[in-house]
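Report on the structure
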Amino acid sequence: MKSILLGTAALAITATVAFAGSHSVVRMGTEGAYPPYNFINDAGEVDGFERELGDELCARAELTCEWVTNEWDSIIPNLVSGNYDTIIAGMSITDERDEVIDFTQNYTQPDPSSYLALDGAEVDFDGGVIAAQANTIQAAFIASSGATLVEFATPDETIAAVRNGEADAVLADDAYLRPIAEENADLALLDKQELIGGGVGMGVRESDSELKDKFNAAIQSMKDDGTLNALLAKWEIGPGF
Amino acid sequence: MFSFCVDPASLDSMAWMACYLTTGKHMAIYTSLFTVLLLLAITAPTALVFGFLGASSARSDFAPLSWVGKAYIAIVRGVPDIAFFLFFVIALDQFFEWIRHEIKCPDWEADIWQGNDFVVCDIAKLPLGNSPQWMHETYGFLLAVLTFAIVFGAFAANVLYGAMRAVPHNQLETAESYGMTRSQVFWRILVPQMWVFALPGLSNLWMVLIKATPLLFLLGVEDIVYWARELGGAKTARFTDYPHGDWRMWYFLALLVFYLLFTRISEIALDKLMIRLTHGQATLGGEAQRKTA
């Protein structure tokens, strides 16, 4: 009996070591173009709410993490083919995405999405032209509404489309649009908001449940001791938990 | 970078610009410029080798070899570049990893394809998951070089195949009647004379290759066009010390100047090369040179 116990313990230890070895470096995939969630700072490094959050989560889960940028359009295919291990890119948890990858628990509340338009413009939500970033919950929302959807590969291009009149308004996360509206006199947020999505979570491969569990535990511990709320407040991202 | 860059908001426009253009983020676009040039420098000769092999096998007398050469030219030339880049690179990467997986982890029991996930054992990963970021970038870069070389090699093969057929046949017959072997005829008579016929086609390919480098971004290599878009986009003061409006037009204007200069220099160099290759050739150009001399 004793030898069986010892044997099991030894097996458990080697398994943990083997697992720790397999994820000795966790590669964190992000977009780097969606402040305040993630962006490239002046020094050329990944910065923002998710950078701070991700570094803290890795510290709590005792993982060594490395940041990688990838364009939004191919961010899921590159995760499933193993080019990096997580997606931490302001990605809302949706059923469609959940069929392809797994999500950790959400680390933001569902953030209201706002409309940004030229200051003083009248926007027709049923027949107008609304811009959104491709493959986002906002794009799916517009597509199912009466308005005409124009999609762009980067968030920045959606704003440019409103400025040059290609679109009447842009629909995106409130946290992304608010600083832009505040600093540009020619742009303004509309009163109307949409509540879509189930909050933002980290994406991991479906076969990688151990990594998911580690991050879930780390997110839970940050929720419990209030550090997550402090981060959300610092970067002005929606309500806390 | 400069010592006076501590508080950018207080600077006048010239100093502000000097600081702005030397941020770490701007260093990335300068580095990507060298990435593009390096890619061209490695890809062009590699593609030429691929093309030479393709063309010489396509005109081989040994039927299977000739089929391989012709199939390579026909298939790669027929598939749209963008489809080739999107599909082929991921497939190539997974193929390499699968081979390493079969060799290094023969005891592995789980499936390689688990639903949507492609999972090989960790020591078969290319590069290893725990290797530093620069190794991942170098690997991506080499995959890009290989893909570019295969695509442009097929076009070069077609050009060289045509050029080999353009060498006057009686020259080859004369060489044979002098008692040269087939390989001697190929290397001493055919190859030296074919370049003058190949150069116009190859110079076209070079021009197209220069402009095809933005396809790099499809392969995850951050090239100058990506950085021009990223740096040129409007920046709000909350997230940068250097806020500015939508400056993409200026960045793309700079790219335009860069590409125009680059293609112009290439044209001049290729014209010089043409004059050298024409020298002493039994072509109209060679004849004209002989008369003026």
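Cut-offs and rules
Residues numbered from 1 in each chain as written. Chains lettered and ligands numbered in written order. Predicted model: local features only at pLDDT ≥ 70, side-chain atom pairs only at ≥ 80, totals over all residues. Helix = DSSP H or I, 4+ residues; strand = E, 2+ residues; numbered from the N terminus. Rg over C-alpha atoms; globule rule 2.2 N^0.38 Å. Buried ≥ 20, exposed ≤ 12 C-beta atoms within 10 Å, placed from the backbone. Domains from an automatic or database assignment. Contact = placed C-beta atoms within 7 Å. Nonpolar A, V, L, I, M, F, W, Y, C, P; charged D, E, K, R; others polar. Pairing = 2+ DSSP bridges. Axes fitted to C-alpha atoms, helices over the stretch in contact; angles between N-to-C directions. Parallel < 35°, antiparallel > 145°, perpendicular 65-115°, else oblique. Left-handed = near helix turned anticlockwise from the far one by under 90°.

The number of helices and strands found in chain B is 10 helices and 2 strands. Secondary structure elements of chain B occur, N-terminal to C-terminal, as α-α-α-α-β-β-α-α-α-α-α-α. Relative to the globule expectation of 19 Å for 293 residues, the C-alpha radius of gyration of chain B, 25 Å, shows a markedly less compact shape. Overall, chain B is about 80 × 65 × 30 Å in size when its C-alpha atoms are taken along their principal axes. Residue burial in chain B is summarised as follows: out of 293 residues, 27% are buried.

Another point: the domain arrangement of chain A. Residues and elements named next belong to chain A. Split by domain assignment, chain A resolves into domain 1 (2-109 + 199-234) and domain 2 (113-194). Here domain 1 and domain 2 have C-alpha centroids that lie 29 Å from each other. Each partner contributes residues to the interface: domain 1 has 9 residues there, and domain 2 has 11 residues. In terms of residue class, the side of domain 1 that touches domain 2 is made up of 5 nonpolar, 3 polar and 1 charged.

At the interface, 29 residues of chain A touch 30 residues of chain B. Elements supplying a minimum of two residues to the side of chain A that touches chain B: β3 (38-40), α6 (155-163) and α7 (174-183) of chain A. Residue contributions to the side of chain A that touches chain B peak at 4 residues, all from α6 of chain A. Across the side of chain A that touches chain B, the residue classes tally to 13 nonpolar, 8 polar and 8 charged.

Residues and elements named next belong to chain A. Pairing in this open sheet of 3 strands is antiparallel, and the strands run β2-β3-β4 from one edge to the other. Looking at which strands have only one partner, the edges of the open sheet turn out to be β2 (33-34) and β4 (46-47). The pairing of β3 with β4 spans 2 bridges and is antiparallel. Paired with Phe-39 across the strands is Asp-47, a residue of β4.

With that settled, consider the packing of helix α6 (residues 169-177) of chain B against helix α7 (residues 182-212) of chain B. Residues and elements named next belong to chain B. Axis separation between α6 and α7 bottoms out at 10 Å; the angle between their running directions is 155 degrees. Classified by the angle between their axes, α6 and α7 sit roughly antiparallel to one another. Between α6 and α7 the crossing geometry is right-handed. Residues Gln-171, Leu-172, Ala-175 and Glu-176 of α6 form the contact with α7, whose participating residues are Val-185, Ile-189, Leu-190 and Gln-193. Class assignment for the residues of the contact of α6 with α7 results in 5 nonpolar, 2 polar and 1 charged.

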